Amino acid sequence: MSFLMHFLLILLLTYVSNGEEEFNATVAVDGSGNYTTINEAVANAPINSNSIYKIHIKEGVYDEIVQIPANKKNIMLIGDGADKTKITGNRSHAGGFRTLDTATVAVRGDGFVAKHLTIENSAKPSDGMAAAFMNKANHSAAYNCVFLGYQDTFHAREGFQFYRDCNIHGTVDFVFGAAKAVFQNSNFFARLPNHTITFTAQSKNSINQNSGYVFQNCSFTVAPEFSQRKEQVKALLGRAWGNYSTVIVMESWLDSIIYPRGWAQWDKPVVDLITYVEFRNRGPGSNTSGRVSWSKVLGDVASARQFTVVEFIGGDNWIPTTEAPYYGGFATNSSEFSLA
């Protein structure tokens, strides 16, 4: 049998069906799948695949540091639900790791997709930088996922990225990096009362860098476990980690935890280079009368259109292949506009 025929046979034997979803491989901690660890399944996935390779991760807790190398393209991790499938780790800066190396799931292979699972860094708040997720994959996405951590939870490092219906929990700079990313219909939960929260630390450093974050039809509030102590939580929408730091919050719900000034500098960058924009937000924290003078509030649709999925990340050209739902324009023109 030729190598090619042997390879195709392996693919055929590992291609399994589970209801409406079909998978190339299944991971199960109880041994009922093809593999017992996620890293084993990734290691045996095709190299530089041009088509999606679906890895089903069955219900359970997977205590491992998952690496998706650059040559493992178009990997899709599919859990049984964010409340059923969890990947967890506890690497931290206090534990001797660089921030880049603390991630429980680190993605470098383009075309990556995660669906229906939770990714956690269980390090303590006192352990400092401790990412749950690091993504530098172009044309990557996550849908219906939960990301749990404290400082630096979510490292959207580089590339065009899209996130839909996700819950992200954290404290200091908990969405950070220099990717060009859109977060749509997602919730951002501030943790730790009596602690100043910074939702974002976007790090665009050059006018020519393809970088920036858009939050569309999202919610910025306090984590459910601290809802009775909301008055003790204060948060900034972002602080500038790069001289050209770019964050747009549009059509979103801002809770009362947001400081009136909204935004902050970091090491005194040139504020004229920073792009911090708000458009059609709502909620008790959306009053912009006390915002820093160098942030912007857009009043017209024409100016805001550049920050929609179609315009900002060319979503129509690649998001359909991720199987994530999305709308390319404004949420207020969509029947899916549902956040309170």
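Starting afresh in each chain, residues are numbered from 1 along the sequence in its written order. Local features in this predicted model are restricted to residues whose pLDDT is 70 or higher, and side-chain atom pairs enter the listing and the counts only when it is 80 or higher, whereas totals over whole chains, interfaces and linings include all residues. To obtain the side-chain values, all non-hydrogen atoms of the structure were included, while hydrogens and water were left out.

How should I be thinking about the overall build of the protein chain in this particular structure?
Under the scheme used here, helices are H or I runs from DSSP no shorter than 4 residues and strands are E runs no shorter than 2 residues, and both carry numbers assigned from the N terminus. Across its full length, the protein chain holds four helices and 31 strands. With C-alpha atoms as the basis for the radius of gyration, the globule rule is written as 2.2 Å multiplied by the number of residues raised to the power 0.38. Taken over the C-alpha trace, the protein chain has a radius of gyration of 20 Å; the compact-globule value for 340 residues is 20 Å, and the two agree within 12%. Judged by the C-alpha coordinates and their principal axes, the protein chain covers about 70 × 45 × 35 Å. Counting only residues that meet the buried cut, the protein chain has 56% of its 340 residues in that class. Considering only contacts in the protein chain between residues 6 or more positions apart, those separated by 24 or more positions represent 67%. For the area figures, the Shrake-Rupley method with a 1.4 Å probe applies, and any residue is considered shielded solely by the protein chains shown. Counting only carbon and sulfur atoms, one obtains 49% of the accessible surface of the protein chain, whose full area is about 14,000 Å². To sort residues, take the accessible area from a 1.4 Å probe on protein chains only and compare it with the maximum for the residue type: under 20% means buried, over 50% means exposed, and anything in between is partly exposed. The contact criterion used is simple: two residues touch if any of their non-hydrogen atoms lie within 4.5 Å.

Looking at this model, I keep getting lost on the sheet that holds strand E17 (residues 167-170). Mind explaining?
Picture the strands of a sheet paired through backbone hydrogen bonds; they go either parallel or antiparallel. A strand pair is defined by DSSP finding two or more bridges across the two strands. If you walk across this open sheet you meet the eight strands as E5-E8-E11-E14-E17-E20-E24-E28, and the pairing is parallel. Edge strands, defined here as strands with exactly one partner in the open sheet, are strand E5 (60-63) and strand E28 (253-254). Alignment of strand E11 (residues 118-121) against strand E14 (residues 146-148), held across three bridges, turns out to be parallel. Counted as the bridge partner of Glu120 is Leu148 from E14.

Any chance you could explain the layout of surface pockets here in plain terms?
Leftover empty space is mapped by rolling, across the atoms, a probe with the size of a water molecule. Only protein atoms enter the 1 Å grid used here. Points where a 1.4 Å probe fits but cannot escape make up a cavity, open sets with protein on both sides within 12 Å along at least five of seven lines make up a pocket, and a residue lines them when an atom lies within 4 Å of a point. Grid points are joined across faces, edges and corners, and a volume is the space filled by probe spheres set on the points. Put simply, the largest pocket is a space of about 150 Å³. Surrounding the largest pocket, Ile52, Lys73, Asn74, Asp110, Gly111, Val113, His139, Trp318, Thr321 and Thr322 form its lining. Along the lines of polarity and charge, the residues of the lining of the largest pocket split into three nonpolar, five polar and two charged. Any residue that is not Ala, Val, Leu, Ile, Met, Phe, Trp, Tyr, Cys, Pro, Asp, Glu, Lys or Arg is counted as polar, Gly included; the first ten are nonpolar and the last four charged.

When you look at the environment of Gly212 in this model, what are you seeing that I'm missing?
Relative to the assigned elements, Gly212 resides in strand E23 (residues 212-216). Each C-alpha atom, one on Gly212 and one on Phe160, is 9.6 Å from the other, the two residues being 52 residues apart in sequence. Among residues more than four places away in sequence, those in contact with Gly212 are Ala179, Lys180, Ala181, Gln202, Thr246 and Phe312.

Help me out: how do you make sense of the UniProt feature "active site" (unreviewed entry) in the protein chain in this one?
UniProt positions are given in the numbering used here, feature names are shortened, and annotations may be inferred rather than shown by experiment. In this numbering, the UniProt entry assigns the feature "active site" (unreviewed entry) to Asp173. Structurally, Asp173 can be placed in the loop between E17 and strand E18 (175-177). In this structure, Asp173 is in contact with Asp152, Thr198, Phe199, Thr200, Ala201, Arg239 and Trp266, ignoring residues within four places of it in sequence.

Is there a simple way to think about the sheet that holds strand E13 (residues 140-143) in this case?
Strand order in this open sheet of eleven strands is E3-E4-E7-E10-E13-E16-E19-E23-E27-E30-E31, and the pairing throughout is parallel. Each of the sheet's edge strands pairs with one partner strand only, and the pair in question is strand E3 (25-27) and strand E31 (296-298). Sheet twist, expressed as the mean angle between neighbouring strand axes with direction ignored, is 15°. Relative to strand E19 (residues 180-184), strand E16 (residues 160-164) runs parallel, the two sharing five bridges. Directly across from Phe160, in E19, lies its bridge partner Lys180. Throughout, an axis means a line fitted to C-alpha atoms (over the contacting stretch in the case of helices), and angles, computed between N-to-C directions, take values from 0 to 180 degrees.

So what exactly am I meant to see when it comes to the pairing of strand E8 (residues 85-89) here?
Strand residues, when the strand is regular, have side chains that alternate between the two faces of the sheet. Here E8 lies mainly inside the structure; four of its five residues are buried. Two elements, E8 and E11, share four bridges in a ladder whose sense is parallel. Among the inter-strand pairings, Gly89 is bridged to a residue of E11, identified as Asn121.

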